[in-house]
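Reading the structure
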Amino acid sequence: MTLTWLQLVGLTVLGIAAGGAGSLTGIGGGLVITPVLTLLFGIPIHQAIATSLCCVIATSTGAAATYVEHRLADIRLGMTLELATTLGAITGSFVAGWLSREALAILFALLLTYAGSTMVRRSLKGREIEAAGQERYQAKRLPLGLAGSGAAGVVSGMLGVGGGVIKVPLMYLVMGVPFKVATATSNFMIGVTAAASAFIYYSRGDVRPLLTAPTAVGVFIGASLGAHLMRRTPSRWLVLLFSAIAYYFAVLMVWRSLHGGFAR
Amino acid sequence: MVEFSDEKAQDAISAVLRYGSLLSTAVMAIGLALVLWRGQVMPRSGALSLGNLLYSALRLDPAGITEVGILLLLLTPVFRVVVAAVSFGLERDVKYLVISLGVFAVVLTSIIFAIH
């Protein structure tokens, strides 16, 4: 294994960008890391996903520390739903091992499209959601929440994303949890979900230290910087830009799958 | 709604997360620095086992240290679950003690796959 300066810098910059974007927009760096690694760096998608999972752990852990400190995360609810997400994550990770690179790329493209659309809708909805605060609540519809969390776990394990794109709406819209608590709790849950997946990828040899470490260190830097530069509410155009990028990646992933695939 | 002991639990959990991410990132960074300094590194031979890994870390093997850093990163959320379980136990919150132990059991199975 070698690591050239160019690779190191490239991976670290990617990490910083992903960490910063995740920190500023609240939307996963995981969605960005896998496509860039696959399309730009030419990394096999299973390794890219493994790297992405580790970076997702890095972002989640840092963010969750702050959310718990500020008493925003519902730890009990999170732990309950984690039963489902971790089981889903392990399942998803195994399934990913059985799928071809092209198949995973197409599934990833679907996720990117879904995420892009969610972002567009969210930016159009504006600030009303953010305003909802710390009112008392009772999480409802637990069975549905567990099922949804299980699905989010599968997606996380299979595609290397945090799954917040599914978990936050699930808690907020379906379970009646206030938006900020949903975001904080989702962040809290992502760490252990991704960890459960990551160990499975580790067992397959998909975790490459010289690939993962620079990116993860970059994510840490980016997320910390993002938190400092932070304007808690991301500007509308930033989120829209992000969706544009997501759609662009989706198209690229599909195109690559259909034209020559990812064989190296 | 939040009891005194719950405060301590949340402090403990956020501390684990905070220090875990700092430590793992530091170790990864050190490993990477060594990799760059040494240039070419030997790929890890042999199966992943704690013994192998600790041994290579003690020899200041760059790849080994980097890998230890990554493992620390992956284990931080796991430690967090353990701390949560202990906190629930201390609070005599049996329901959530059982739930956290359940989560721990699931993650443990996946760790076992990694070590096998």
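What this report covers is the structure whose coordinates are included nearby. (Residues numbered from 1 in each chain as written. Chains lettered and ligands numbered in written order. Predicted model: local features only at pLDDT ≥ 70, side-chain atom pairs only at ≥ 80, totals over all residues.)

1. Topic: the overall build of chain A
- Of regular secondary structure, chain A possesses 11 helices and zero strands.
- Along the chain direction, N to C, the helices and strands of chain A fall in the order α-α-α-α-α-α-α-α-α-α-α.
- Taking all 264 residues of chain A together, 58% fall into the buried category. (Helix = DSSP H or I, 4+ residues; strand = E, 2+ residues; numbered from the N terminus. Buried ≥ 20, exposed ≤ 12 C-beta atoms within 10 Å, placed from the backbone.)

2. Some points on the environment of Ile190 of chain A
Residue and element names in this part refer to chain A.
- Tracing the backbone shows Ile190 in helix 9 (residues 179–203).
- Placed 41 residues apart in sequence, Ile190 and Ser149 show a C-alpha to C-alpha distance of 11 Å.
- Apart from residues no more than four positions distant in its own chain, Ile190 is found in contact with Val56, Ser60, Gly162, Gly163 and Gly164. (Contact = placed C-beta atoms within 7 Å.)

3. A short note on the environment of Ile221 of chain A
Residue and element names in this part refer to chain A.
- Looking at the secondary structure, you find Ile221 in helix 10 (residues 209–229).
- Judged by the 18 C-beta atoms lying within 10 Å of it, Ile221 is partly exposed.
- Placed 202 residues apart in sequence, Ile221 and Gly19 show a C-alpha to C-alpha distance of 7.2 Å.
- Among all residues touching Ile221, those that are not within four sequence positions of it are Ile16 and Gly19.

4. Describing helix 3 (residues 45–69) of chain A
- Here helix 3 of chain A contains 25 residues, and its C-alpha end-to-end distance of 36 Å stays within 8% of the 36 Å for a straight helix at 1.5 Å per residue.
- Within helix 3 of chain A, 23 of the 25 residues are buried, which leaves it mostly tucked inside the rest of the structure. (Expected span 1.5 Å × (residues − 1).)

5. Quick word on the interface of chain B and chain A
- Listed by partner, the interface residues are 42 residues for chain B and 41 residues for chain A.
- Mapped by element, the contributors of at least two residues to the side of chain B that touches chain A are helix 1 (4–38), helix 3 (62–90) and helix 4 (94–115) of chain B.
- If you tally residues by element for the side of chain B that touches chain A, the top one is helix 1 of chain B, at 14 residues.
- Among the residues forming the side of chain B that touches chain A, the class breakdown is 25 nonpolar, 14 polar and three charged. (Nonpolar A, V, L, I, M, F, W, Y, C, P; charged D, E, K, R; others polar.)

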